[in-house]
Amino acid sequence: MCIRITTVDDPLPKIAIWDPDEVEILVSRGTHPADLIRELHAILTIDLGAPHHPGAGLTCFCGGPIELPKLCTTPAVAGAL
């Protein structure tokens, strides 16, 4: 069974949390993508033993690719700081 990544609107104590009951990682909506990727990589490789293939993106412990969910509900505004 492959790992799913799901965004949640409820506040989480961390950027991403492993939920073994649902075989998914919950992530806080609105998280900066760079922070999320760093956190997901740590959960997948250190906690779950997924293989690390430099340059290949995030992979499940089965070796398959993991796709990131949409992280925000509103598009970025051009010129916003």
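Before going into details, it helps to say that this report is about the structure given with it. (Residues numbered from 1 in each chain as written. Predicted model: local features only at pLDDT ≥ 70, side-chain atom pairs only at ≥ 80, totals over all residues. Heavy atoms only, no water.)

## Some details on the overall build of the chain
Phase 1: A count of helical and extended segments in the chain gives 1 helix and 3 strands.
Phase 2: Scanning the chain from its N terminus toward the C terminus, one meets helices and strands in the order β-β-β-α.
Phase 3: A total of 81 residues make up the chain; the buried ones form 30% of that total.
Phase 4: A total of about 5500 Å² of accessible surface is found on the chain, and carbon and sulfur atoms cover 59% of it. (Helix = DSSP H or I, 4+ residues; strand = E, 2+ residues; numbered from the N terminus. Buried < 20%, exposed > 50% of the residue type's maximum accessible area, 1.4 Å probe, protein only. Areas by Shrake-Rupley, 256 points an atom, 1.4 Å probe, with all protein chains shown as cover.)

## With respect to unusual backbone geometry
Phase 1: Positive phi, close to 50 degrees, is recorded for Val23, a residue that is not glycine.
Phase 2: By secondary structure assignment, the location of Val23 is in the loop between β2 (16-19) and β3 (24-28).
Phase 3: When its relative accessible area of 16% is taken as the criterion, Val23 is described as buried.

## With respect to the side chain of Thr7
Phase 1: Here Thr7 shows up in strand β1 (residues 4-8).
Phase 2: A polar side-chain atom of Thr7 sits 3.2 Å from a polar atom in the side chain of Arg29. (Polar contact = N/O pair within 3.5 Å; in protein donor to acceptor, adjacent residues only side chain to side chain.)

## Let's talk about the pattern of salt bridges
Pairs may arise between side chains of opposite charge once their charged atoms sit close together.
Phase 1: Within this structure, the stated rule accounts for 3 salt bridges.
Phase 2: One salt bridge connects Arg4 with Glu24, and the closest N-O pair in it is separated by 3.4 Å. A residue pair is termed long-range when its members are at least 10 positions apart, and Arg4 in strand β1 and Glu24 in strand β3 qualify at 20 residues.
Phase 3: By relative accessible area, Arg4 is classed as partly exposed at 41%.
Phase 4: When the shortest N-O distance is used, the salt bridge between Arg38 and Asp35 registers 2.5 Å. Of this pair, Arg38 and Asp35 both sit in helix α1 (residues 33-47), 3 residues apart, which is roughly one turn of that helix. (Salt bridge = Lys/Arg side-chain N within 4 Å of Asp/Glu carboxyl O.)

## Structural notes on α1
Phase 1: The terminal C-alpha atoms of α1, which comprises 15 residues, lie 20 Å apart, in line with the 21 Å expected from a rise of 1.5 Å per residue.
Phase 2: Summarising the contacts, the buried residues of α1 are in contact with β1, β2 and β3.
Phase 3: Note on α1: the residue one or two positions beyond its end, Gly49, has a positive phi of about 75 degrees. (Expected span 1.5 Å × (residues − 1). Contact = heavy atoms within 4.5 Å.)

## Let's talk about the nonpolar core
Phase 1: By size, the foremost hydrophobic cluster in this structure holds 14 residues, and its most contacted members are Ile3, Ala16, Ile25, Val27, Leu40, Leu44 and Ile66.
Phase 2: When residues of this core are traced back to their parent elements, those giving at least two are β3 and α1.
Phase 3: Looking at this core element by element, the count peaks at 4 residues for α1.
Phase 4: For Ala16, the contacting residues outside a window of four places in its chain are Ile25, Leu26, Val27, Leu36, Glu39, Leu40 and Ile43. (Core = buried A, V, L, I, M, F, W, Y, C linked by side-chain atoms within 4.5 Å.)

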